[in-house]
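Listed below are the residues making up each chain.
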Amino acid sequence: MAEQAFARGAPRVIVAGATGFAGALAAELLWRHPRFELVAITGRSEVGTRLDHLYPRYRVPLTIEQLDLDGLDRIEAAVVAYPHAAAAPTVGALREKGARVVDLSADFRLASLETYERWYGAHPRPDLLGEAVYGLTELHREQIAGAAIVANPGCYPTASVLGLAPLARAGLIADLVIDAKQGISGAGRTFDETTHLSMAGENILPYNVARHRHTPEIEEQLDLLDSGHPGLAVQFQAHLVPLDQGELASCYVTTTRPVTTPELQELYAEAYASEPFIELASEPPGTREVQATNFCRVFAVADGHTGKVVVLSALDNLWKGTSSQAVQNLNVMFGFAETEGLL
């Protein structure tokens, strides 16, 4: 597939950090993509191992290399799948080589350096923040099209913000609680006491209580959508559930005025009518409905008893929450149809 893409003059792309769940899936999606040529996969571990040996289900017959940008010829694009702080220097080195980058870490998701440093510590490349565009495709595709660096959103913010964006644009969010649940793949390949099978199986584990780093990302994006109500403080809580992959964000909204379910249906239909990867569900969605897809299924209803609005948003945390959204962003960056390689 890669040879066929190259014959058509396809952009040459690498995946840096292909040994983790997100990087491996990104590599698989790009290997079979009709428009990109995946020329190299790199890792900080498992060097010399073929990816289809490390992840047989992905069937990518490339060998994991150490990242050596001087040894790579004419790289036009890259997906960087490193942890925060480790990603930014690599993004910077790729930019110096002229590559356009989709970064899966948190290093460029927050526009505010002060906010980043409050939640993550010192930023390794603050000089690059001005080049970065937040990569929630449905909200920022025009900026993404011309971007040099796209900061792929976190999986929780993807589900939450896509579920809440129509309400935020309409100025309807007065107060917000998000209760989100995710499969253990969201914790990555490195197991600890919370993700070990003996703890994760037959269990629900809340984590990062009152201090989850995705909170400011959600707040910043909702603020951009609702200029009339800046400074919304979001109560966000994440949980690990005994699934391999999948995510459901349950959002409980106190609205700025009374809202009916028919009004919500009209609002959401208008917002997402032309979006290829947003599905408006007629019933509360489950994670199985979106497994191994780039779709996000959203359901919104007014609660006549409490006066609140309940929004449920389901996606696959490794796909639309991470790797397939990265490919969706690459499609936009290089002028391809957003659905290329994803349907």
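Our structure's up above, just so we're on the same page.
A few points on the structure. (Residues numbered from 1 in each chain as written. Predicted model: local features only at pLDDT ≥ 70, side-chain atom pairs only at ≥ 80, totals over all residues. Heavy atoms only, no water.)

According to the stated counting rule, one finds 16 salt bridges in the structure shown. Two residues, E28 and R32, come together in a salt bridge whose shortest N-O distance is 3.1 Å. The salt bridge partner of E289 is R297, with a shortest N-O separation of 2.6 Å. Judged by relative accessible area, which is 42%, E289 ranks as partly exposed. A single salt-bridge network, built from bridges that share partners, covers R141, E275 and E338. (Salt bridge = Lys/Arg side-chain N within 4 Å of Asp/Glu carboxyl O. Buried < 20%, exposed > 50% of the residue type's maximum accessible area, 1.4 Å probe, protein only.)

With 42 residues, the main nonpolar core has V15, L30, L38, I41, L51 and L330 as its most contacted residues. Ranked by the residues each element gives to this core, the list is headed by helix 2 (residues 21-31), at 8 residues. Among all residues touching I41, those that are not within four sequence positions of it are V15, A18, A27, L51, L62, T63, I64 and E65. Counting 38 residues, the second-largest nonpolar core is a separate cluster that includes L162, L225, C251 and A300. (Core = buried A, V, L, I, M, F, W, Y, C linked by side-chain atoms within 4.5 Å. Helix = DSSP H or I, 4+ residues; strand = E, 2+ residues; numbered from the N terminus. Contact = heavy atoms within 4.5 Å.)

On inspection of all chains with the given rule, the structure shows 8 aromatic pairs. Aromatic pair Y116 and Y120: ring centres 4.9 Å apart, planes at 20 degrees, arrangement stacked. Residue Y116 and its partner Y120 are located together in helix 5 (residues 113-120), separated by 4 residues, close to a single helical turn. Residues Y116 and Y120 agree in their burial class; the two are buried. Members of the aromatic cluster, each reached through a chain of ring pairs, are F21, Y55 and Y58. Above the face of the Y82 ring, R44 is positioned so that its terminal group lies 4.9 Å from the ring centre. Above the face of the F334 ring, R100 is positioned so that its terminal group lies 5.2 Å from the ring centre. (Phe/Tyr/Trp six-rings, centres within 6.5 Å; stacked < 30°, edge-to-face > 60°. Lys NZ or Arg CZ within 6 Å of the ring centre and 35° of its normal.)

Our next topic: the packing of helix 2 against helix 11 (residues 319-333). Packing of helix 2 against helix 11 brings their axes to within 9 Å, and their N-to-C directions diverge by 40 degrees. One element, helix 2, and the other, helix 11, form an angle in the oblique class. Remark: the crossing between helix 2 and helix 11 carries right-handed chirality. On helix 11, the residues that touch A22, L25, A26, L29 and L30 of helix 2 are W319, T322, S323, S324, V327 and L330. A class-by-class count of the residues in the contact of helix 2 with helix 11 yields 8 nonpolar, 3 polar and no charged. (Axes fitted to C-alpha atoms, helices over the stretch in contact; angles between N-to-C directions. Parallel < 35°, antiparallel > 145°, perpendicular 65-115°, else oblique. Left-handed = near helix turned anticlockwise from the far one by under 90°. Nonpolar A, V, L, I, M, F, W, Y, C, P; charged D, E, K, R; others polar.)

In this section: the state of the cysteines. Scanning the entire structure with this criterion turns up 0 disulfides. The thiol of C155 is not disulfide-bonded; the next cysteine sulfur, from C296, is found 12 Å away. Residue classification places C155 among the buried residues on the basis of a relative accessible area of 12%. In this model C296 remains outside any disulfide bridge; the closest cysteine sulfur is found in C251, 9.8 Å from its own. (Disulfide = S-S within 2.5 Å.)

Bear in mind that shape data such as this cannot, by itself, settle questions of function.
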